[in-house]
2 protein chains.
Amino acid sequence: MSENGALPRRGKVLTVDTMNVNVKKVDYAVRGPIVQRAVQIEKELKEGVKKPFEEVIKANIGDAHAMGQQPITFFRQVMALCTYPLLLDDNKFPEDAKNRARRILQSCGGNSIGAYTTSQGIDCVRHDVANYIQRRDVGILSDPDNIYLTTGASDGIVTILKLLTAGEGRTRTGVMISIPQYPLYSASIAELGAVQVNYYLNEEKCWSLDISELQRSLQAAREHCNPSVLCIINPGNPTGQVQSRQCIEDVIQFAAKENLFLMADEVYQDNVYAEGCEFHSFKKVLFEMGPEYSSKVELASFHSTSKCYMGECGFRGGYMEVINMDPEVKAQLTKLVSVRLCPPAPGQALMDLVVNSPQPGEPSHQTFMKERTDILSALAEKAKLTEQILNTVPGISCNPVQGAMYSFPRITLPERAINEAKAKGQAPDMFYCMKLLEETGICLVPGSGFGQREGTYHFRMTILPPTDKLMILLNKLKEFHQKFTQQYS
Amino acid sequence: MSENGALPRRGKVLTVDTMNVNVKKVDYAVRGPIVQRAVQIEKELKEGVKKPFEEVIKANIGDAHAMGQQPITFFRQVMALCTYPLLLDDNKFPEDAKNRARRILQSCGGNSIGAYTTSQGIDCVRHDVANYIQRRDVGILSDPDNIYLTTGASDGIVTILKLLTAGEGRTRTGVMISIPQYPLYSASIAELGAVQVNYYLNEEKCWSLDISELQRSLQAAREHCNPSVLCIINPGNPTGQVQSRQCIEDVIQFAAKENLFLMADEVYQDNVYAEGCEFHSFKKVLFEMGPEYSSKVELASFHSTSKCYMGECGFRGGYMEVINMDPEVKAQLTKLVSVRLCPPAPGQALMDLVVNSPQPGEPSHQTFMKERTDILSALAEKAKLTEQILNTVPGISCNPVQGAMYSFPRITLPERAINEAKAKGQAPDMFYCMKLLEETGICLVPGSGFGQREGTYHFRMTILPPTDKLMILLNKLKEFHQKFTQQYS
């Protein structure tokens, strides 16, 4: 107190000047200013403000249910049974759903999904995950002790990056990420104060990964940091490419040679549409390369309940598998995750259903397969449709959407538009997307939010809207692009 | 590759020597070595290994359902309806449960709790939280814009600490925490590389907080860091005290005078048992102190679905309210939480039910009130029982368990036991708890995991086991303590 008893007039303790500088450096475009403006516009529409459109179409984020995709019936039945076990006596629920629920509840403390689970995740779920991986990667063992359940894949990715971040200045950990990338990576790297090391995907070759570019990027990074992690997203986000088996083998060989820890983000593993493309897990390829590699290369791979045909983003379920992790580090990892007690139990239960879905002969099998197939076929169709329509627009060129759930087309912007954007201090594709939003209600994410080669411009658009809405969206986009190009030419 | 084509023999990329040093410093006793041993013993029992007991009683963690507490029926009904909306046509479910479910679903994307929510949390849930706070703190406004839903309270606490951590060396952020403390605090401080600043609670005065001790601690810390945050847990964990209104006022005055950001961990706000004790929120006291304080002091307070009468730990639901946070910092906070997309939607829905429980006149009100009251009365009874029985044991002295769900009794250990522990490199109370576990199957957490005054020893024990089991536990403990004392005297 000052002498007259009043409190001294001081500023706030926590200000942008006193706060964590790494947090300030974080950027997350998928929920950035354009999405905030979209939410605002939705409110304005509700309040009766006149716009040249009637609804905002949010194609900015891979949020299937928000786009009208229905949840898988079996999953929700089991989740309801786990939540309110009195329903186990209800004959509306099929026996296989009840069996799954009973099994999950038996491995919960007090038979309740309201109990904390072990920090690494429910025992039987980790076993089921390991079995799923063994079925997926035929002939290769998976150890439940190497499985950690997570709060969505994001949580696992951040946790592994956290373990890996060390050193100062030139010895600081460098993390190699693709450009374009999913901005969780750049955001986490910034937050942890690690060094972002970019390698560029080859847009001309359908966003493929060239080892020579990895080599260039690594060499350049070694001048100023200690690059020790290589992150891969396959199928790609935001770029939708599916890596060939050969490419994965080359990447693993590169990681082994250069002593890099591999992180494989494989959350879109069921989202493969293009003919001739197939999902190959890094784990499987690693083990097929023989003991020289499989006993040496450190790998963490990630999966989630949020993507594929499930789209259960809200549950925040996921797992990671760690391969060749030093046992002492694994103990540190287990300790670290224990501080947050456990991932959400409902998300763990849902993850269990994904890896332990209805089998032939079980009462829910047919419905499950139909729902799954319908969703994946519709996505395949929409992937093709998106590519085709976008490529009819002069000034837009779109690689095939081989997998995942996004297109990342390149847009040609007139010089005058670029200059006007720069004068406003905006990235040119942000300027473009903002105008698109204001004029059509379509919400996309500018390519600058994911990174792109200097002088090129893109946007990311999900292929999730129902076909009729997607058609409207694509046609509006086409019309807008033509108008925009005219206006600024 | 080396010249003969073989891979060079290098060590692992990620080892305890190369990993994040801050992670190595993290300790989390609540799930530490003693709990790992307990899990091991449970496995041994299952495999038929003979022990002097038949089951492990885990009194180490506040995990109500695991201890047999039944979930609140209404909560689980609504959650089942949200999960599997076809049940909305089922007349087994009461109308108020259906209304709650409909309202939550309407504010979810695509009416599904499988959609991502906004990063700050579902709009209607944040409004309900604000209304709840206004009912709790009569006459004081709460703004939904100041509410952030979280993945359990832990998530919120870590996020605020993350914002606050800055500076280097002598300017590094110091975080004042009570000793004994809940080890989430020390663990997060270590992980963030902030400086832990201890202030000791007064065991002689029922674990109360003395301002003179805060002053001493602050002054000492200013010699080597920048103490700018003061954390309070009320009702106390692990110490079970409930702070008086006067004490809270003094703390706020101290924080205002010394320019400290206040963090109030109030997850046990319904767990108050002792006569004459009452829960006062920091927010309420702050605003009752008048505009000189209420317009100035920065406060974040935390709540959760995991404690009180709910015990829904597995859902990882929680919220925080931020008061007087700089608007630019709030924008940074919103950005930061958006990187993880959103807290689990089921946890958010459950949090909504906690703050929007059945009201008089609604069909579920009576059952809800009965379940709630039964749980809280049983806890009050067990709090008393625990204190009484422990205080009959020579060498154990236990403060009243005024609130929360733990006792933290002091134990007198014979010199010879202390020496034997030290020879083993163990904290003496760890040595004691480990022996207790091996001989009786009772799993407690040693006081050293929470911090305690040099030369004193304690353990933390939850009061959650059902009364009959709690009696067995307390009597076994009594017997063990007498035997242990004899053995080492």
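Please refer to the structure higher up on the page.
These numbers were taken from a predicted model, which means no experiment stands behind them.

Caption draft 1: Structural context of the overall build of chain A. The number of helices and strands found in chain A is 17 helices and 14 strands. Taking 2.2 N^0.38 as the reference for a compact globule, 489 residues should give roughly 23 Å; the C-alpha atoms of chain A span a radius of gyration of 24 Å, in line with that estimate. Projected onto its principal axes, the C-alpha coordinates of chain A cover approximately 70 × 65 × 55 Å. Considering only contacts in chain A between residues 6 or more positions apart, those separated by 24 or more positions represent 71%. In the form shown here, chain A has an accessible surface area of approximately 17900 Å², with 49% of it arising from carbon and sulfur atoms. The averaged location of the 55 negative side-chain charges in chain A is 5 Å from the averaged location of its 52 positive side-chain charges.

Caption draft 2: Structural detail: the pairing of strand β7 (residues 299-304) of chain B. All names here are of chain B. Where burial is concerned, most of β7 is hidden: six out of the six residues are buried. Burial of β7 is two-sided: the residues Leu299, Ser301 and His303 facing one way and the residues Ala300, Phe302 and Ser304 facing the other way are all buried. In this structure, strand β6 (residues 261-265) lies alongside β7, joined through four bridges in parallel fashion. From the neighbouring strand, methionine 263 faces β7, where its bridge partner is alanine 300. Both β7 and strand β8 (residues 317-323) contribute to a ladder of six bridges, which runs antiparallel. Looking at the pairing, serine 301 lines up with glutamate 321 of β8.

Caption draft 3: Layout of the interface of chain B and chain A. On the chain A side, the residues contacting the 98 residues of chain B number 99 residues. Linking chain B with chain A are six salt bridges. A salt bridge links arginine 340 of chain B to aspartate 155 of chain A, with the nearest nitrogen and oxygen atoms 3.8 Å apart. The interface formed by chain B and chain A holds 41 residue pairs in polar contact (both at pLDDT 80 or more) in total. Among the elements of the structure, α1 (21-25), α3 (73-83), α6 (152-164), α7 (184-192), α9 (245-258), α11 (291-294), α12 (327-338) and α13 (345-355) of chain B are those that each provide at least two residues to the side of chain B that touches chain A. Here the element with the most residues in the side of chain B that touches chain A is α3 of chain B; it accounts for seven residues.

Caption draft 4: Summary view of the relation of the copies chain B and chain A. Rotating chain B by 180° and translating it 0.0 Å along the rotation axis places it on chain A, where the RMSD comes to 0.0 Å. What the superposition gives is, in effect, a two-fold axis relating one chain to the other. Across chain B, the rotation axis passes nearest the C-alpha of alanine 80 of chain B, at a separation of 2.3 Å. In this assembly, 100% of the residues forming the interface of chain B have copies in chain A that are likewise at the interface, indicating an isologous arrangement.

Cut-offs used in this document
Residues numbered from 1 in each chain as written. Chains lettered and ligands numbered in written order. Predicted model: local features only at pLDDT ≥ 70, side-chain atom pairs only at ≥ 80, totals over all residues. Heavy atoms only, no water. Helix = DSSP H or I, 4+ residues; strand = E, 2+ residues; numbered from the N terminus. Rg over C-alpha atoms; globule rule 2.2 N^0.38 Å. Contact = heavy atoms within 4.5 Å. Areas by Shrake-Rupley, 256 points an atom, 1.4 Å probe, with all protein chains shown as cover. Lys, Arg positive; Asp, Glu negative; His and termini not counted. Charge placed at Lys NZ, Arg CZ, Asp CG, Glu CD. Buried < 20%, exposed > 50% of the residue type's maximum accessible area, 1.4 Å probe, protein only. Pairing = 2+ DSSP bridges. Salt bridge = Lys/Arg side-chain N within 4 Å of Asp/Glu carboxyl O. Polar contact = N/O pair within 3.5 Å; in protein donor to acceptor, adjacent residues only side chain to side chain. Least-squares fit on C-alpha atoms with pLDDT ≥ 70 in both.

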